[in-house]
Amino acid sequence: MSTSTLDSARSLRIGPIALRSPVVLAPMAGVTNVAFRKLCRELELSRAGTVSGLYVCEMVTARALVERHPVTMHMTTFAPEESPRSLQLYTVDPENTYKAAKMIADEGLADHIDMNFGCPVPKVTRRGGGAALPFKRRLFGKIVRAAVTATEGTGIPVTVKFRIGIDDNHHTHLDAGRIAAEEGAAAVALHARTAAQRYSGTADWEQIAALKAHVTDVPVLGNGDIFDARDALSMMAATGCDGVVIGRGCLGRPWLFAELSAAFTGEPPATAPNLGEVAQIIRRHGELLAAHFGEDKGMRDIRKHVAWYLHGFPAGADLRRSLALVKTISELDDLLGELDPEVPFPPVAGGPRGRQGSPGSVTLPEGWLDDPDDCTVPAGAEVMNSGG
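Residues numbered from 1 in each chain as written. Predicted model: local features only at pLDDT ≥ 70, side-chain atom pairs only at ≥ 80, totals over all residues. Heavy atoms only, no water.

**A closer look at the overall build of the protein**
When its secondary structure is counted, the protein shows 15 helices and twelve strands. Taking 21 Å as the expected radius of gyration for a compact globule of 388 residues, we find that the protein reaches 20 Å, a close match to that expectation. For the protein, the C-alpha atoms occupy an extent of roughly 60 × 50 × 40 Å along the three principal directions. Here the protein, with 388 residues, has 56% of them falling under the buried criterion. Across the protein, contacts joining residues at least 24 apart in sequence account for 75% of those joining residues at least 6 apart. Entry remark: accessible area of the protein is about 15100 Å², with carbon and sulfur atoms responsible for 50%. If the 40 positive side-chain charges of the protein are averaged to one point and the 46 negative ones to another, these points end up 2 Å apart. (Helix = DSSP H or I, 4+ residues; strand = E, 2+ residues; numbered from the N terminus. Rg over C-alpha atoms; globule rule 2.2 N^0.38 Å. Buried < 20%, exposed > 50% of the residue type's maximum accessible area, 1.4 Å probe, protein only. Contact = heavy atoms within 4.5 Å. Areas by Shrake-Rupley, 256 points an atom, 1.4 Å probe, with all protein chains shown as cover. Lys, Arg positive; Asp, Glu negative; His and termini not counted. Charge placed at Lys NZ, Arg CZ, Asp CG, Glu CD.)

Written as structure tokens, this is what we have:
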């Protein structure tokens, strides 16, 4: 990447929110809770000397938020030092969208609202939600407009994230980007896969470039297959996008945001952590999860993260099994103490982590593809697990 390109890529503005680096943490169900976000911010501050990007909360359902579902309300917890506070909504109808966005604005629950139209899981698409919904162009526009209207005059920008489309025969991203911008969205983000791909295969960065060429009046962010800072720079150079959204690439690597901050400011990145430092990060993550959920649930939650943290490291099958069953912080301390702290970070620890799966046909409501201008709200699509 040329120096001039890098210079222009250093910052990002989303409405009134100015970010020092063009990096956004993607909302991930069961991952990007307050504990994980706090950890990412701490590591960026300690390793890069700043907190420069946007860290988005787990996705919550608009209806569940309006109804003040206890689990949903707990998911919207932010640390006192978090700023700006970013919350992502899953929604399928203008009415609940308006109510949820108005509630966020009136009660000061967040400083930024992102809207999820990218979820590809069958329980969502079969009811017309997530990645299926942008096919209904008019309904999609009405939902975006509802959120923008509810936050007018508050300084809370609304952004929209979506996929390329339902499958290779039904691309919706260009229309979705244009409509979102026309309806007042402050930025759009594209996960460069179709719903049929789910999380498999390779992200099609050319579609990010196409969206950037098509939508010129608001920032366009790219998402998909960014596993290190070089990938982020490569995506921005190849597509011209205004920023990057980091999802699975930070699983087990919450220090990735420090590396990205360094890359976008031209600073040398900190040395990758050795196994001893990774163990300390795991311990801190467990501590934060226990503070948020209580020790029992916090330790159950840390188990999946441990597998991502130790990806590529020599740890031994017995120790891995024990860590996968850890029940207390004291036990976590003992088990982490069995790791060799001097083992360097392994090159094979890069690449995909988390869910990948395989592509498949997308389950849709009967007749969903008959009329893209139909504004009928999909029946029952808002009734789903509050965790997304």
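After that view, the rundown keeps rolling.
**Some details on the pairing of strand β5 (residues 86-90)**
Counting buried positions along β5 yields five of five residues, so the element is predominantly enclosed. You can see the chain leave β5, run along helix α5 (residues 94-106) and come back into strand β6 (residues 112-117), and the turn it takes is right-handed. (Right-handed = clockwise from strand over helix to strand, strands pointing away.)

**Focus: the packing of α5 against helix α7 (residues 137-150)**
One can describe the packing of α5 onto α7 by two numbers: an axis separation of 8 Å at closest approach and a directional angle of 20 degrees. As summarised for this structure, α5 and α7 are arranged roughly parallel, according to the angle between their axes. Of the two elements, α5 crosses α7, and the hand of that crossing is right-handed. Taking contact as the criterion, the partners of Pro94, Thr97, Tyr98, Ala101, Lys102 and Ala105 in α5 are, on α7, Leu139, Lys142, Ile143, Ala146, Ala147, Thr149 and Ala150. (Axes fitted to C-alpha atoms, helices over the stretch in contact; angles between N-to-C directions. Parallel < 35°, antiparallel > 145°, perpendicular 65-115°, else oblique. Left-handed = near helix turned anticlockwise from the far one by under 90°.)

**What to know about the packing of aromatic side chains**
Given two aromatic rings, their pairing is described by the distance between the two centres and the angle made by the two planes. This structure, assessed with the given rule, holds four aromatic pairs. The interplanar angle of 70 degrees and the centroid separation of 4.9 Å between the aromatic rings of phenylalanine 117 and phenylalanine 140 together place this pair among those described as edge-to-face. Of this pair, phenylalanine 117 sits in strand β6 while phenylalanine 140 sits in helix α7; the two residues are 23 residues apart in sequence, bridging distant segments of the chain. Positioned above the aromatic ring of tryptophan 368 is the side chain of lysine 136, whose terminal nitrogen or guanidinium carbon lies 4.7 Å from the ring centre. Across from the ring centre of tyrosine 199, 5.0 Å away, lies the NZ or CZ of arginine 163, which sits over that ring. (Phe/Tyr/Trp six-rings, centres within 6.5 Å; stacked < 30°, edge-to-face > 60°. Lys NZ or Arg CZ within 6 Å of the ring centre and 35° of its normal.)

**Thoughts on the packing of helix α9 (residues 205-214) against helix α10 (residues 229-239)**
Axes are the key here: two packed helices are described by the angle between their axes and the distance separating the axes. Where α9 meets α10, the axes come as close as 9 Å, and the angle between the chain directions of the two elements is 50 degrees. By the criterion of interaxial angle, the relationship of α9 to α10 is oblique. Relative to α10, α9 is oriented so that their crossing is right-handed. Of the residues in α10, those in contact with Trp205, Ile208, Ala209 and Lys212 of α9 are Asp231, Ser234, Met235, Ala238 and Thr239. A breakdown of the residues in the contact of α9 with α10 according to their chemical character gives five nonpolar, two polar and two charged. (Nonpolar A, V, L, I, M, F, W, Y, C, P; charged D, E, K, R; others polar.)

**Structural notes on the sheet that holds strand β7 (residues 158-163)**
Strand order in the closed barrel made by the eight strands is β3-β4-β5-β6-β7-β10-β11-β12, with parallel pairing throughout. Across this sheet, the average inter-strand angle for adjacent strands is 25 degrees, counted without regard to direction. Pairing between strand β11 (residues 220-223) and strand β12 (residues 243-246): three bridges, direction parallel. In the sheet register, leucine 221 faces β12, and the bridge partner there is glycine 243. Of the strands in this sheet, β11 and β12 are in contact with α10, which crosses β12 at around 140 degrees. Its contacts with the sheet put helix α11 (residues 256-265) on β3 (23-25), β4 (54-61) and β12, and the angle it makes with β3 is roughly 170 degrees. (Pairing = 2+ DSSP bridges.)

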